[in-house]
Structures are given as C-alpha cells and as structure tokens.
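Now for the letters of each chain:
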Amino acid sequence: MDTKHIRNFCIIAHIDHGKSTLADRMLEVTGSVDKRDMRAQLLDSMDLERERGITIKASAVTVYHVYKGTKYELNLIDTPGHVDFNYEVQKALQACEGALLLVDASQGVEAQTVANAYLAVEADLTVLPVINKVDLPHAQPEVVCEEIENSIGIDSSDASRVSAKSGLGVPELLDRIVEKIPAPTGLPDAPLRCLIFDAVYNEYRGIIVYMRVVDGTIKEREQIHMLGTDKVYEAVELGRFTPEMKRAGVLGPGDVGYFISNIKQLGDVRIGDTMTLYKGPKVKMLPGYRPPMHMVYADFFPTNSGDFESLREGLATLSLSDSSFSFEAVTSEALGFGFRCGFLGLLHMEIVQERLEREHDLDMIQTAPTVTYKIKLKDGTLSEIHSPGQLPNPDQYEEILEPYARVSIMVPAEFIGNVMQIAADHRGTYVRQEHLSPTRVQLLYDIPLAELIYDFFDKLKSSTRGYGTLNYDISEFKPSELVKLRILVNGNEIDALTSIVHKEQAEFRGRSAIKKMRKEIARHLFEIAIQAAVGARIIARETISALRKDVTAKCYGGDITRKRKLLEKQKAGKRRMRQIGNVDIPQKAFLAVLGGDDED
Amino acid sequence: MSATQKPRAAPEAPPTAPRERAPTGTPLYVHLPFCAAKCHYCDFFSVPDKGQDRAANLNAIQREAELYAPRNPRTVFIGGGTPSLLSIAELTEFLDNLERITSFRSSAVEVTAECNPESLDRDKARALLDLGVTRLSIGFQSLHDEVLQLFGRVHSVEQSFAAFESARSAGVTDLNIDLIYAIPGQTPEAWEQDLGRVLALGAEHLSAYNLTFEEETVFHRWLSQGRLAKSPEEVELAHFEVTRRLTQAAGLEAYEISNFARTNRHCRHNVNYWHNGTYLGIGPSAVSKVGATRGGNLKAILPYNRRIEASGDARTWEETPSATERLFETWWLGLRLAEGISASEARERADFSASEDPALAITAGLVADGLIEETDARFRLTARGLPLADYVARRFLAAAP
C-alpha cells in the first residue's frame, strides 16, 4: 500500500482509562473481528494481563478503515499504562507518527497521563486528545480538556469525545486519525531499514519479531542483517497482525508487522535494533532507544536448587519479550545460586516473577527489592552497589549516596494534608504545588527512591482513597546517613534479608521486619530467635517457642482419610521454603523487609 | 501417584464396581446415628432423636449388612450416635438379625456398644449382654454438671455414675469410660481430681481425649466467635501428663495416645484401625476398608435409606492410596500405639513389596530428632514425640510422592 494510505499510531493513557477497550472497539468497528469472537481486551495476549486488567506488553494490530472512498491501513500499537512500563511505551512510540492521548472524562488527567504525553511530545508525535467514557453520569469533558491544556499544554478545544465501551464516537475518531496523523515518509525503493520494537518467543516458530518498516521494502526469502547483534537471518515469513497473524509476503515503508525466521538464539534479537538487507547498501542504524533504567533490584532463587538452569532459561526467554529487565548470576549464603534482576519498578518486578512461575512453571524465592546505591571510597572513587550485602563496613568508605526521585503526585485537593504527611514519613522534601483545576492539585516532592519502593505507593493509595496517582523521575544521588540492617535467625545471618535503611529508621524497620517474620515462620521442634542488628548491636528480638504439642486425640477408622488430608494440607505450604541453619523459612518471610501492613 | 478419591454415582446408577460381602472374619463396625441431643463438640454423624422413623433406618442398615457384612467377624463395634438410645425391643430385633447374617455371637472376641448415661440402666445392660455384646463404653465426658451443660449433653454426673453401677451389677465385665480434658477454664489440678475419681471406679478401659474444636461443630463456631478459648499448649500438655501418670498408677497401660487399659483389655476392634487393618462399616457415614480401598457412606439418614433400598450402595466416596501412601499411613497410625511398629510389620500391613523401603530414611530422621526410638527393631514414640504424633505423621506425608 502507498505510504500515504498508512497511519501508524498508539494509544497512551493512565491505567484503567479504557485504552484496551478502545483498541477492542476499533477492531470491531473496522470489522477486523467478528462481534461474537470479541473477547474483552483482545490485544492482551497474556493471561496475566487479562487477569490484572492492565497491559504490560505492547501489541500491534493492523486494521483497515475506509475514509472518503479510500481504504487506509491503520497500524495500532497498544501500550502499557503503568508507571513501571515507560520503556515499553517508548518503544511503541518510536514506531508511530501519532498518538491518541486517552483521558477518562470523570477521572481527569492523572500522573501517568502527563508522563506519557510528554514522552509522545518528545518523540515528535502528533498527539490527539481523546476524552473517554463521556456517556457516564459523572463525565466532565470540559474540565478534563482544561486539565489537559493546563498540565500538558496541548490544544484540546476539538478533542474527540468517545465511549470506548459503547463505540460512541469511534468511527469519527478513525476518520480523525486519517485526517490528522501524518503518513509515514519512507520510500519503497530506498535501502531497507526496519525497526524491531518488540519480540515474543513461540515454541514452534522461534522468535517472532515485531517490526516497523521505516524505509524500503522487505520480502520473504531475503537475507536480513540485524545490525546491532550482527546476525543474519532469512525472512521465512512476513505478515501483519489482523489481529491474528496473516502472512503478507512483502512489507513496505510504514508497514507494521512480524518477521519469522525460526530464530532460537534468544540473544540474537534485540529490541531497538535495525534490520537491513544483508549485502545490500550500507545504512545508518535507526536511533536506538534510551536504555531502560533499572532502579529496583531483587534476587530470584529457585526454591529447588536443581532448578537453577531452568531459571536461567526462563529469564532468558522472558527477557526477549521484555527487554527492560536485566539479570546476572549471584550467590547467597542463605539461598544458594540465583539471579540478581534489575527492574523498572515494583509492579514490573511482580509481573516478571509471576510470568516466570506461570509460563515457565518455576517455583522461586524472591528477596525484597532494593535500589542502586553509590559509595564514595576513601580514594574518592565512586562505586555502585545493587545489593545491600555489597555495602562494606562504614570505615571503608567516605560516604554513601542514595537515588532521589522527583515525584509528581496528582490528587483531589482534599487529600493534600494526607499526602504531605506520608511524604514526611518517607523522608520527602517538598518542592512545589500546582493547581490543575479548582479541585485537583499536583504536588512535587523529592523522595528517596528506597522510600518509594518501601511502601509509598501503598500508603498513597490508601490515604487518598485510591485517587492519588504518581509518576517519578530519578533526579539525583544525594549523600545520606544510611546503615546496614541485618536479620539473624538463630544466630545465622540471612544475607538475603539484609537491607540498607536510614539510621533514624533502623530500629522501627528492624522491629517491623522481625515481627512479620515471626508470623511467617512455623514453630519448629526448637526455639527460634529472630534478631535485627545494626553493626554488632542487636536492636530487636522476637522468639518463636518450640513446638511441643501437635497430636490428634481421636483417630479411628472413620477419621483416617480425613486426618491424612488435613495433615497433607498443612504440609502443602512447604513448597516455597528454604532451610537456613535448620529453620524452614517460607518465601513470604523473605519479603519481611518490605513495607506495608505495619500493625502497631 | 496420589490417592484417588472419586464421588460415587447418583442413586439410580449402579455402583462403580460390584461389591461383595467382606471376607470372613473382617472386623465389623455398625453406625447407629440417633442421639438424644447433639453434643457441641461432636463431629461424628449423629442426629437428635425427634421421633423420626428409626425402624426404616435400622432396616436399611440391616439390608446393607446382608449385602456386605462379613461372616464371623473377629470384632464388632456398635457406635454412633448412641446405640443405647434404642429400646430393648429394637436392639433385640436388630442384633438378632445381625446374628442371623454374620454369626457374630460365636465368632467375635469382642462386641462393644457405645452407651450414654441417660439411656443405660441395668435392664438395658443385661439385655445387651444377652444379645451378644461383651463390652460397654459409657460417655462420662466430664464430672461437672455445668460442663456437661456447656457440652450440650442431656445427663448429669450422678447419672453417669449410676449408669456405670448398673452395667456392673448387670454383669458387664468389660467397661470403658470416655472423658474429655483441657476444657476451657479447666486446670490440670482439677483434672487430676476428676480423673482420680473415675479411676477409682475400676473400669477396665479409659479413653481420655484432649478437647478438639472440630470444624462444623458448635464449639468450633464458639471458638471463632471468641465465646470459647482453647487452653494454652502448656496447659494441654500438663493435662496429658497428668493423664499418663494417674492411669499408670492405677495399673492401666497407656497403649495408645488417648487410650488406657488393664492387661488384655485393649479395645481389639480399635487396635485394628491403628494396625491399618481392613474393616467393614455399615450405616450412614460408616467407613470401610476392604483390600486397599477405603470408602464412606452418605451422611444423611433418609438419602442413605433410599440409596440402600434402590441400589444397595450408599457410598459417596472411595479412595485407593498407592503402595507408598499405604506404607506411610501404616507408620503414623502404628506409631500411635505403645507397642510401636517395625519396618517389616509396616511393609506387611501395607502390602508394600518394593525392594527399597522409603520409610527408613524418615524413621532415621525422627530418631535423630528424638521423636521416636528403636528397641529390638521396633520403633516407638518417645516421651517427647508422643504429644507430637501429628508432626511425626506430617514428616511421613511430606515424603509421600
């Protein structure tokens, strides 16, 4: 198809503002899928996405729309909406000329909306504001338009108004996409350049590469050179997502589709890489993506130490479709061999863990997440540490720096007081506040990232009745009075539970951690002491008394089966356990240094 | 491999496998479900007697006996429910029919009937003896009227003692008394006094149970509502130790965790359960083990009657544990007994034939932990392991495939 009849766009929005629903409706309105085949959130292929109701992986789909008698190819790239997935959003943006900025008509502009809109503006895309859920009783499209103008500075006077749920306004929106979003500019006979913006692994087909043709034309049976990894693969199959994979044989400039070559080497495909013709004219690599910033690190250990290799394979496969996390082998005295993984944020970490367990049937123990610290050594050099265990003794370094985040929080004005309180509790420094509309406020704080990942998200949600949203950018590393908090079980230090905390908080955090552990560890045949220590000083202790009585009084012929089942159920929880010293410690206890649920 | 438990077919459908009468000599359990009132701690299948058609149920149980009960059972246990609730006429008809079907009167070395004080007098005890019963088990449960009320029982302490005397004067020479301890608020000292009074009666057998808050009982609900509190572990342990000390002083052997008997007065029928032996149960809710398969009947009177009438089969579940599962089950059941268990006995009882015995690694670990000890190739729970018998069982179950 001629590039002037192609439009490539994505939808950016805050979580729950109806992005996936709008994508579904577009598929339906353009006749790409039968109404009766319609599953909610058709584009989200992973079970996990559907269960959590959020999109975690950009997906692409081609639909056809007839505008003024001409057929147009619209390539829609669905993007994730959560703060953790900025990197995925960026990849999607690179493959587009335009973006729909979708805002819920009753929720208004939220932190993530702003963050993603800025990304789109930065990427030089044409941004079309779309107000969703306009048919709901609490819809205030005018107020929302005002908020968009005040916060992002995009003219919203003629914003599209739709109901993604009912389909109201969707045909008009499709027309508008054709009218407003620029056509791709590549030429069909220019030297080939394709951008890899995503990839998934399929057991039978190998790696399925999601790509956008920028210049030139790609045909099946051509030898294709991946410039970044310097690998050559034949284009065995080329096609589009309609949404099911449909073979096309040839893809021209502006086309968005897939490339299959039975690639089994996971390292050969890199998101952001440029594909060109092997032995064709030399081309310049397309601008690479900003590398993902790993601000949160956690260690994964196989529950069963024999599963180490399976875990490595699982991580490698997963990193293919999610290039935004990193992993490297580590050893823990307590937990054996495992991997230290870097994530974009907390939700990202949870999703990776769940996908490993679900898609690769791995049973893992995960340690509490930690941030990256920098230490200035006596000789003035800086070194990074990604795990609290790496922190040397205080006499071996000059100072320790921790990452701070510039946090933007959007809340209804009535919650300002609550937000100020939790910011203060998390060592936050007030920067400024801005009124977006008479009832909504944006607050800016500088908060240590460690505090953000400890329990700031949870506390913000609960203290603003779910209305508070936030986005953050890492601003700088600042010196801080930090100490190493160690946890000991019967005198054995559990390296996986070591954390770095502010001096003032050490006692409180230590006490809270061992209280949680006390609840998670079952009684044993002997007494168990759980201690929290800073340096050589024990700052808190909990004791789990020895199990002395555990016996059923009655066990006759009618009781045996039921009794056995009850006992089996009690042992079922054994799976995610690790033995340290001779104490069985369940997975949950390894998360005790995480925040949340403080009871006293 | 795990035990397969499958729901049985609907009433009109034939049973999944044709069942026959249990092999000659198999121990027989009879469940008579009616009680004067439902006790608040009791999770056995029992139904308060409110003028239901007891005859129809007795007929159905009798029909089930005709179909499956073994000839010449070695032991018979008539439980419930409260068998003594039945009139002498009902008991006569039922037990005469059971005799016609099984000839238990000449074959059984022990025939126990469970009785409650409010329905046991001299005449009934005499009649039970005449009908072939050799042993009575009387539910005292507590020596305090206010506790009996809390339990929801319908007799007084005085009636308990009277029932015991009636049984003795009727000529019953094999008597068991049931008691419950670690009742909320009870102290080990108070228990020691009560137990002393009961032991002074000179019963041949005593069953003393730590109070358990079983699911789906009134007590369980009261516990979760905070109306009752479970005794602290150390208090329960003190009760447990008082029980063992006093029974020993009275010349009773602590032959099982909750059971105490004079020489040769163990309940043979129950010992068979702990040997993981076979048995045939009839009546609503009754469980049988024939070969390696266990199965249980419906827990409802009218549906039970209807199913027996329609197809002769009232089973609602069946399971056949694997050889290893049987072996481990045999171990943890056998360890409840003071006589203990040997590895070869366990393999024989479980019909376990593989050359490698997976229990040995587990027993070695338990010996190392001081929970069991080995003397002359027999393993027994130690003083420490005794109150941890369920923990020991879990060690076996955790190793099951």
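Above this text you will find the structure in question.
A brief structural summary. The structure presented is a predicted model; accordingly, all values stated were derived computationally and were not measured.

1. Here we look at the interface of chain A and chain B
With 26 residues of chain A at the interface, the matching set in chain B holds 43 residues. With both chains or domains summed, chain A and chain B bury close to 3200 Å², and 56% of this area falls on carbon and sulfur atoms. Of all residues in chain A, the largest losses of buried area upon contact with chain B belong to L525(A), K549(A) and Y556(A), amounting jointly to 22% of the total for that side. One salt bridge connects R562(A) with D43(B), and the closest N-O pair in it is separated by 3.3 Å. The tally of links between chain A and chain B comes to 22 residue pairs in polar contact (both at pLDDT 80 or more).

2. Some thoughts on the packing of helix α7 (residues 308-321) of chain A against helix α8 (residues 346-359) of chain A
Residues and elements named next belong to chain A. For the pair α7 and α8, interaxial distance at closest approach is 10 Å and the crossing angle is 120°. Comparing the axis directions of α7 and α8 gives the class oblique. The two elements α7 and α8 meet at a crossing, and its hand is right-handed. Facing L311, G314, L315, L318 and S321 of α7, the residues of α8 in contact are V352, R355, L356 and E359. Classifying every residue of the contact of α7 with α8 by side-chain character gives 5 nonpolar, 2 polar and 2 charged.

3. Details of helix α11 (residues 301-311) of chain B
Residue and element names in this part refer to chain B. When α11 is considered as a whole, its buried residues turn out to be I301, Y304, N305, R307 and I308. Viewed along the axis of α11, the buried residues span an arc of 165°, placing them on a single side of the element. Away from its buried face by more than 90 degrees, α11 exposes L302, R306, E309 and A310. Taken together, the buried residues of α11 touch β3 (34-35), β4 (47-48), α1 (54-68), β14 (293-297) and β15 (315-320). Downstream of α11 by one or two residues, G312 has phi in the positive range, about 75°.

4. Structural notes on the sheet that holds strand β18 (residues 378-381) of chain B
Residue and element names in this part refer to chain B. As summarised here, the arrangement of the 3 strands in space is β16-β18-β17, forming an open sheet in which the pairing is antiparallel. For this open sheet the edge positions go to β16 (341-342) and β17 (372-375), each flanked by a neighbour on one side alone. The pairing of β16 with β18 spans 2 bridges and is antiparallel. The partner of I341 across the bridge, within β18, is F379.

5. Topic: the environment of R511(A)
Residue and element names in this part refer to chain A. You can see R511 is positioned in helix α11 (residues 506-520). With residues up to four places along the chain from it excluded, the contact list for R511 reads I539 and A540. Reaching out from R511, the side chain makes a polar contact with the backbone oxygen of I539 at a distance of 3.3 Å.

6. Observations regarding the sheet that holds strand β13 (residues 245-247) of chain A
Residues and elements named next belong to chain A. Within the open sheet, the 8 strands sit side by side as β11-β10-β16-β7-β8-β15-β12-β13. Their pairing is antiparallel. Every other strand in the sheet has two partners, leaving β11 (231-234) and β13 as the edge strands with one partner each. Direction aside, neighbouring strands of the sheet carry axes that sit 40° apart on average. Sheet analysis places strand β10 (residues 223-226) next to β11, joined by 4 bridges and oriented antiparallel. Of the residues in β11, the one forming a bridge with M226 is K231. Running at roughly 140° to strand β7 (residues 193-202), α7 makes contact with β7 and β8 (206-215) of the sheet.

What counts as what
Residues numbered from 1 in each chain as written. Chains lettered and ligands numbered in written order. Predicted model: local features only at pLDDT ≥ 70, side-chain atom pairs only at ≥ 80, totals over all residues. Heavy atoms only, no water. Contact = heavy atoms within 4.5 Å. Buried area = accessible area lost by both parts, 1.4 Å probe. Salt bridge = Lys/Arg side-chain N within 4 Å of Asp/Glu carboxyl O. Polar contact = N/O pair within 3.5 Å; in protein donor to acceptor, adjacent residues only side chain to side chain. Axes fitted to C-alpha atoms, helices over the stretch in contact; angles between N-to-C directions. Helix = DSSP H or I, 4+ residues; strand = E, 2+ residues; numbered from the N terminus. Parallel < 35°, antiparallel > 145°, perpendicular 65-115°, else oblique. Left-handed = near helix turned anticlockwise from the far one by under 90°. Nonpolar A, V, L, I, M, F, W, Y, C, P; charged D, E, K, R; others polar. Buried < 20%, exposed > 50% of the residue type's maximum accessible area, 1.4 Å probe, protein only. Arc of directions from axis to C-beta. Pairing = 2+ DSSP bridges.

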